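Letter by letter, the chains look like this.
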Amino acid sequence: MIAKPPGIEDIFPDRIERWNHVIRTARDVFRLFNIREIIIPVMEFTEVFARGIGDETDIVSKEMFTFEDRGGRSLALRPEGTASVVRAYVENGDYNRLSSCKLFYMGPMFRAERPQKGRLRQFNQFGAEIFGSAHPYADFEAIASMNLIAHKIGLRDYTLLINSIGCPACRPAFIKDLKSYYASKKSQLCSDCSRRLEKNPLRLLDCKVDACGQLKTEAPVIAGYLCDSCAQHHAKLKSLLAEGGISFMEDPLLVRGLDYYTRTTFEFVSGSTGQNAFAAGGRYDTLVEMFGGKPTPAVGFAAGIERILILLETNKINSPALDVYIVHSGDNAFHEARKTAMALRASGISADMEAEAKGFKSQFKKADRENARLVIIIGKDEISQNQYSIKNMITGNQQSVARENLIAYVAQELSALRLK
Ligand code: HAM
């Protein structure tokens, strides 16, 4: 038998339903935000990632799958999508043509990490990148789209962490103080952090080793170093989130493992992914220029599909139920039920019913099995009174609704259930 390489998974049919639910929901939400799809290559010249993510990051220095092509050029399997999207955006000259541009992508990424639960060598992401706006509202849109995806998928038990890591104007003073704080403690640092102290000191705040964690508690905090415009940007983002009803926690240690970030960084975390963050991102205002484009502010995020799947599986969150099951009795009712099912479907509401009705009891059983959220009951009385009964299977409430108001009522009930 030939086994698959470590950290690489086969996805069998039992997981596909939830998998598709995640992808479908992400696509729906991206459409709602006018974020349009880009398909980027699975491999790039290694330089794209070295330049984009940073030579000194773990991803580039330790985790990339690289190889030489027949011409001796170094190629790498993409460890993430942002650098590729920026390369494509610049290469196609979109920064000249489009004042703003919102793109999303989906697909496999590759990192040679130590495999464990929620940490794979081939994993899948969906992500979005918003180009052209320096306003915190763009950060808000990136965060709000991920938040809506999480909510629509059915996730509730998670926390949004945010931070600002400043800009090239204000960060150097922080880095200087950070270095001098750690200089006298070098002997207590793990071997990775001793190296980081010289080459990439911000990463010290990201280290998960216990001994380094102790030292972090007394380290300088970046909030105290932000210049006026970074501080205002951060304050505005917080007020937009509060106004948009998106709760968050500030995490002064959230520096992220990629070098391109400026100002906002954020992560969506939940205990049961195995690895904490199921989505993460931030602003990267200097990256387009680093790739040879004209200065273009940008912000984005990516989510780990396998980590979201673990969350859905551990919390027993199923892919969405059927919206409406129609229970009917009698010839006229069958006719009305057919018309109602088609009208619901035309309004984007999923509906199902039996062709040969076998009594209310067995139809209700079927509705239960199909996990229907609502049941519409159409019998002789309902037809003569022009009033259909609607039972909310989640709350147990039953309501009589005039036929002409049925679709509006159903849509309202469903949207109330989705917001729960
Ligand atoms: P990242 O934090 O490296 O950011 O990855 C984003 C998400 O991908 C993580 O939160 C996690 O859910 C998932 N992920 C990362 N590594 C693994 C792994 N080895 N196994 C399973 N899942 C993993 C980025 O990739 C940035 N490009 C995000 C971004 C977009 N920032 C701005 N725009």
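Residues numbered from 1 in each chain as written. Predicted model: local features only at pLDDT ≥ 70, side-chain atom pairs only at ≥ 80, totals over all residues. Heavy atoms only, no water.

A. Structural detail: the pattern of salt bridges. In the structure shown here, the tally under the stated rule is 25 salt bridges. The closest approach of N and O atoms between aspartate 58 and arginine 196, which form a salt bridge, is 3.3 Å. With a gap of 138 residues between them, aspartate 58 in helix 3 (residues 58-62) and arginine 196 in helix 8 (residues 191-199) connect regions that are remote in the sequence. Since its relative accessible area comes to 10%, arginine 196 is described here as buried. Aspartate 139 is the salt-bridge partner of arginine 283, the closest N and O atoms lying 2.6 Å from each other. With arginine 283 in strand 10 (residues 277-283) and aspartate 139 in helix 6 (residues 136-153), the pair connects residues that are 144 residues apart, well separated along the chain. By sharing partners, the salt bridges in this structure join Asp58, Lys62, Asp192, Arg195 and Arg196 into a single network. (Salt bridge = Lys/Arg side-chain N within 4 Å of Asp/Glu carboxyl O. Helix = DSSP H or I, 4+ residues; strand = E, 2+ residues; numbered from the N terminus. Buried < 20%, exposed > 50% of the residue type's maximum accessible area, 1.4 Å probe, protein only.)

B. Fine view of the site of the ligand. Near the ligand you find 26 residues, and of these Glu80, Thr82, Glu113, Glu129 and Tyr261 are the closest. The contact in question runs from an oxygen atom of the ligand to an N or O atom on the backbone of phenylalanine 278, over 3.2 Å. Measuring from a nitrogen atom of the ligand, one finds a backbone N or O atom of phenylalanine 301 at 3.3 Å. Out of a free accessible area of 660 Å², the ligand has 96% covered by protein chains. At the level of elements, strand 6 (122-131), strand 10 and strand 11 (298-304) are the ones that each hand at least two residues to the shell around the ligand. (Near = heavy atom within 4 Å. Polar contact = N/O pair within 3.5 Å; in protein donor to acceptor, adjacent residues only side chain to side chain. Areas by Shrake-Rupley, 256 points an atom, 1.4 Å probe, with all protein chains shown as cover.)

C. Local environment of the sheet that holds strand 15 (residues 387-392). As summarised here, the arrangement of the 5 strands in space is 13-12-14-15-16, forming an open sheet in which the pairing is mixed. Pairing within the sheet leaves two strands with one partner each, and these edge strands are strand 13 (351-353) and strand 16 (398-402). The sheet shows a mean angle of 30 degrees between the axes of neighbouring strands, taken without regard to direction. Note: strand 12 (residues 324-328) against strand 13, 3 bridges, orientation parallel. Bridge assignment links isoleucine 326 to a residue of strand 13, and that residue is methionine 353. Running at roughly 170 degrees to strand 12, helix 14 (residues 360-369) makes contact with strand 12, strand 14 (374-378) and strand 15 of the sheet. (Pairing = 2+ DSSP bridges. Axes fitted to C-alpha atoms, helices over the stretch in contact; angles between N-to-C directions. Contact = heavy atoms within 4.5 Å.)

D. Summary view of the packing of helix 2 (residues 46-53) against helix 4 (residues 82-91). Here helix 2 crosses helix 4 at 105 degrees, and the two axes come no closer than 9 Å. With respect to helix 4, the element helix 2 is oriented roughly perpendicular. Across the interface between the two elements, Val48, Phe49 and Gly52 of helix 2 pack against Ala83, Ser84 and Arg87 of helix 4. Its residues placed into classes, the contact of helix 2 with helix 4 shows 3 nonpolar, 2 polar and 1 charged. (Parallel < 35°, antiparallel > 145°, perpendicular 65-115°, else oblique. Nonpolar A, V, L, I, M, F, W, Y, C, P; charged D, E, K, R; others polar.)

E. Summary view of the domain arrangement of the protein. Partitioning the protein into domains gives domain 1 (13-170 + 226-311) and domain 2 (324-412). Just the C-alpha atoms count here: the centres of domain 1 and domain 2 sit 43 Å apart. (Domains from an automatic or database assignment.)

F. Quick look at helix 7 (residues 171-183). Its 13 residues give helix 7 an end-to-end C-alpha distance of 18 Å, which sits within 8% of 18 Å, the value for a rise of 1.5 Å per residue. Taken as a whole, helix 7 has its buried residues at Arg171, Phe174, Leu178, Tyr181 and Tyr182. The buried side chains of helix 7 occupy one side of the element, clustering within an arc of 90 degrees when seen end-on. (Expected span 1.5 Å × (residues − 1). Arc of directions from axis to C-beta.)

G. Structural context of the layout of surface pockets. Looking at the second largest pocket, its volume works out to about 930 Å³. Taken together, 29 residues line the second largest pocket, and the ones lying closest to its centre are Lys152, Pro320, Ala321, Arg373 and Arg418. Of all elements in the fold, only helix 1 (13-32), helix 6 and helix 16 (406-419) reach the threshold of two or more residues within the lining of the second largest pocket. Partitioning the lining of the second largest pocket into residue classes produces 10 nonpolar, 10 polar and 9 charged. If you count residues domain by domain, the lining of the second largest pocket takes at least three from each of domain 1 (13-170 + 226-311) and domain 2 (324-412). (1 Å grid on protein atoms, 1.4 Å probe; cavity = no way out; pocket = protein on both sides within 12 Å on 5 of 7 lines; lining within 4 Å. Points joined across faces, edges and corners; volume = space filled by probe spheres on them.)

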